[in-house]
Amino acid sequence: MQSIQLMKAVVEQAKVQKISDIFPRKPPGLRFNETDVLVVIAKTNDGTQVGATFYFSLKPDGTFEEEILGKDAAKARRHNLASFLRYYHLTDDVNNYKLKESVIDLVGREVEIVPVQGRLAIYFSQSSKRGDNA
């Protein structure tokens, strides 16, 4: 079995936006309870840009809920965001993490990049903590 070759990149941009500010129409597959997006853009040493996009719904206090009612795809998108935040040690308490205020903490942070289907993607484990994915 071939092991995954992880590369390093540094986050250059990270911002929370309304989906309606990015797209004139909500992309197919997104639900009514997915109104916001976290966009993360990182750059490798050779200058290659890699991005990740996470869809969720920001609550008025700046947090989001990992566990929601609804379709499995919407739940998976929330779990992906929560896993990303945990993996890069941004928070252990996702439901109380003020994402909109704290997104600036991502800028300058080193992330791991992995090739997926001929493209590069920001890596994060579905396990709860970084290093648990042995």
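Computed from a predicted structure; not experimentally measured. (Residues numbered from 1 in each chain as written. Predicted model: local features only at pLDDT ≥ 70, side-chain atom pairs only at ≥ 80, totals over all residues. Heavy atoms only, no water.)

Describing the pattern of salt bridges
Inference 1: Evaluated as defined, the whole model comprises six salt bridges.
Inference 2: As a salt-bridge pair, Glu-110 and Lys-8 come within 4.0 Å of each other at their nearest N and O atoms. Here Lys-8 lies in strand β1 (residues 7-18) and Glu-110 lies in strand β4 (residues 110-116), a separation of 102 residues in the sequence.
Inference 3: By relative accessible area, which is 43% here, Glu-110 ends up partly exposed.
Inference 4: Taking the shortest distance from any N to any O, the salt bridge between Lys-59 and Glu-65 comes out at 4.0 Å.
Inference 5: One connected set of salt bridges, linked through shared partners, spans Lys-8, Glu-110 and Glu-112. (Salt bridge = Lys/Arg side-chain N within 4 Å of Asp/Glu carboxyl O. Helix = DSSP H or I, 4+ residues; strand = E, 2+ residues; numbered from the N terminus. Buried < 20%, exposed > 50% of the residue type's maximum accessible area, 1.4 Å probe, protein only.)

A look at the confidence of the model for the protein
Inference 1: In this model, the protein carries a mean pLDDT of 86, and residues with pLDDT of at least 70 account for 88%.
Inference 2: Per-element averaging of pLDDT across the protein places helix α2 (residues 72-87) at the bottom with 88 and strand β2 (residues 36-44) at the top with 96. (pLDDT = per-residue confidence, 0-100.)

Notes on the packing of aromatic side chains
Inference 1: Applying the stated rule across the entire model yields seven aromatic pairs.
Inference 2: Ring geometry for Phe-56 and Phe-64: centres 5.6 Å apart, planes at 55 degrees, overall tilted. No difference in accessibility class separates Phe-56 from Phe-64, as the two residues are buried.
Inference 3: Taking 4.9 Å as the distance between ring centres and 85 degrees as the angle between the ring planes, the aromatic pair formed by Tyr-87 and Tyr-88 counts as edge-to-face.
Inference 4: Exposure remark for Tyr-87: the relative accessible area of 3% places this residue in the buried category.
Inference 5: Residue class for Tyr-88 comes out buried when judged on its relative accessible area of 1%.
Inference 6: Feature note: the residues Phe-54, Phe-84, Tyr-87, Tyr-88, Tyr-123 and Phe-124 constitute an aromatic cluster, connected by ring pairs. (Phe/Tyr/Trp six-rings, centres within 6.5 Å; stacked < 30°, edge-to-face > 60°.)

Regarding the nonpolar core
For soluble globular proteins, the rule of thumb is that nonpolar side chains tend to be buried together.
Inference 1: In this structure, Leu-38, Val-40, Phe-84, Leu-99, Leu-106 and Ile-122 are the most contacted members of the largest nonpolar core, which totals 31 residues.
Inference 2: Those elements giving two or more residues to this core turn out to be β1, β2, β3 (49-56), α2 and β4.
Inference 3: Per element, the largest residue contribution to this core is five residues, and it comes from α2.
Inference 4: Ile-122 has contacts with Val-40, Ala-42, Val-50, Gly-51, Ala-52, Phe-84, Tyr-88, Val-111, Glu-112 and Ile-113, leaving out every residue within four places of it along the chain. (Core = buried A, V, L, I, M, F, W, Y, C linked by side-chain atoms within 4.5 Å. Contact = heavy atoms within 4.5 Å.)

Here we look at the sheet that holds β2
Inference 1: Strand order in the open sheet made by the five strands is β3-β2-β1-β4-β5, with antiparallel pairing throughout. Each edge of the open sheet carries a strand with a single partner, namely β3 and β5 (119-122). The sheet shows a mean angle of 40 degrees between the axes of neighbouring strands, taken without regard to direction.
Inference 2: As defined by bridge partners, β1 adjoins β2 across nine bridges and the pair is classed as antiparallel. (Pairing = 2+ DSSP bridges. Axes fitted to C-alpha atoms, helices over the stretch in contact; angles between N-to-C directions.)

Notes on unusual backbone geometry
Inference 1: The backbone phi angle of His-89 is positive, close to 55 degrees, even though this residue is not glycine.
Inference 2: At Gln-117, a position not held by glycine, the phi torsion is positive, near 50 degrees.
Inference 3: If you trace the backbone, Gln-117 turns up in the loop between β4 and β5.
Inference 4: Overall, the relative accessible area of 79% leaves Gln-117 in the exposed class.

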